[in-house]
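Listed below are the residues making up each chain.
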Amino acid sequence: SQTIHQWPATLVQPVGSPLSLECTVEGTSNPNLYWYRQAAGRGLQLLFYSVGIGQISSEVPQNLSASRPQDRQFILSSKKLLLSDSGFYLCAWSSQEGLNEKLFFGSGTQLSVL
Amino acid sequence: LAKTTQPISMDSYEGQEVNITCSHNNIATNDYITWYQQFPSQGPRFIIQGYKTKVTNEVASLFIPADRKSSTLSLPRVSLSDTAVYYCLVGADTGTASKLTFGTGTRLQVTL
């Protein structure tokens with residue numbers, strides 16, 4: 001069966017510090033991969049998505065970046081965090097097989113920038 | 001991608017049936033309708049997906065009228081544990097990532 005791992009679960013970082021969140025998927029190949037952010041009490045904002053190694057599409061211009069060095073690995077990074085980067089970050093994957101795409105989410109990372 | 005509109009919040013008593021309606025007036029021919037459930041501090045969880053008419057699984061039913069401009073998620077006999085945010089998404093698999101975008105969802109509060 002497929003599983004998605006996301007870490008760390010919580011993170012407290014000072015303003016201006018770098019960020020690296022990692023997500024890996026097991027049990028499937030060539031998945032679509034996504035990074036979402038959710039502010040407190042708000043809906044999910046799509047940040048990045050990827051259809052393959054090295055292929056990243058950005059939905060929101062900001063100081064975050066994403067990379068996909070391996071088929072089932074997706075990394076969210078920042079060189080300098082802002083206060084506004086605080087939020088709940090979720091990684092998700094979906095299968096590229098079939099016609100009805102379904103998203104499967106990781107457990108999320110609660111990021112607090114102080 | 002078709003935009004969706006849902007009520008911001010709903011309240012229900014335990015044991016009642018809850019129906020959450022989602023409007024998607026500009027749904028495309030290839031679009032499917034998918035509902036997710038999210039508990040606090042967790043990622044959304046797939047509930048049900050459909051294209052037209054009615055779909056039922058062990059958790060919920062999804063009703064889609066012929067014009068497909070709306071859909072209704074039906075939760076039978078809700079319990080306190082069904083308190084969550086429910087999201088309606090409309091999108092299609094075009095062979096690439098569908099850029100699935102979530103709206104603000106419907107916050108369901110179930111009480112005794």
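Given the structure is predicted, the values throughout are model-derived calculations rather than measurements.

1. Brief notes about the packing of aromatic side chains
Under the definition given, this model contains eight aromatic pairs over all chains. Members of the aromatic cluster, each reached through a chain of ring pairs, are Tyr34(A), Tyr36(A), Tyr49(A), Phe105(A), Tyr36(B) and Phe46(B).

2. Points about the environment of Glu58(B)
Looking at the secondary structure, you find Glu58(B) in the loop between β5 (53-56) and β6 (61-64). Separated by eleven residues in sequence, Glu58(B) and Ile47(B) place their C-alpha atoms 9.5 Å apart.

3. Things to note about the sheet that holds strand β9 (residues 106-111) of chain B
Residue and element names in this part refer to chain B. If you walk across this open sheet you meet the five strands as β1-β9-β8-β3-β4, and the pairing is mixed. In the strand order of this sheet, the two ends are held by β1 (9-13) and β4 (45-50), each with one partner. Strand-to-strand twist of the sheet, defined as the mean angle between neighbouring strand axes without regard to direction, takes the value 25°. Inspection of the sheet shows β1 paired to β9 by five bridges, in the parallel sense. Residue pairing for β9: Ser 9 is matched across the bridge by Arg 107.

4. Here we look at the state of the cysteines
Residues and elements named next belong to chain B. Under the definition given, this model contains two disulfides over all chains. Paired through a disulfide, Cys 22 and Cys 88 show a sulfur-sulfur distance of 2.3 Å. One quick way to see it: the torsion about the S-S bond of Cys 22 and Cys 88 is about -80°, and its sign makes the bridge left-handed. With Cys 22 in strand β2 (residues 18-23) and Cys 88 in strand β8 (residues 84-91), this pair connects stretches of sequence that are 66 residues apart.

Basis of the calculations
Residues numbered from 1 in each chain as written. Chains lettered and ligands numbered in written order. Predicted model: local features only at pLDDT ≥ 70, side-chain atom pairs only at ≥ 80, totals over all residues. Heavy atoms only, no water. Phe/Tyr/Trp six-rings, centres within 6.5 Å; stacked < 30°, edge-to-face > 60°. Helix = DSSP H or I, 4+ residues; strand = E, 2+ residues; numbered from the N terminus. Pairing = 2+ DSSP bridges. Axes fitted to C-alpha atoms, helices over the stretch in contact; angles between N-to-C directions. Disulfide = S-S within 2.5 Å.

Nothing here speaks to function; it is all geometry.
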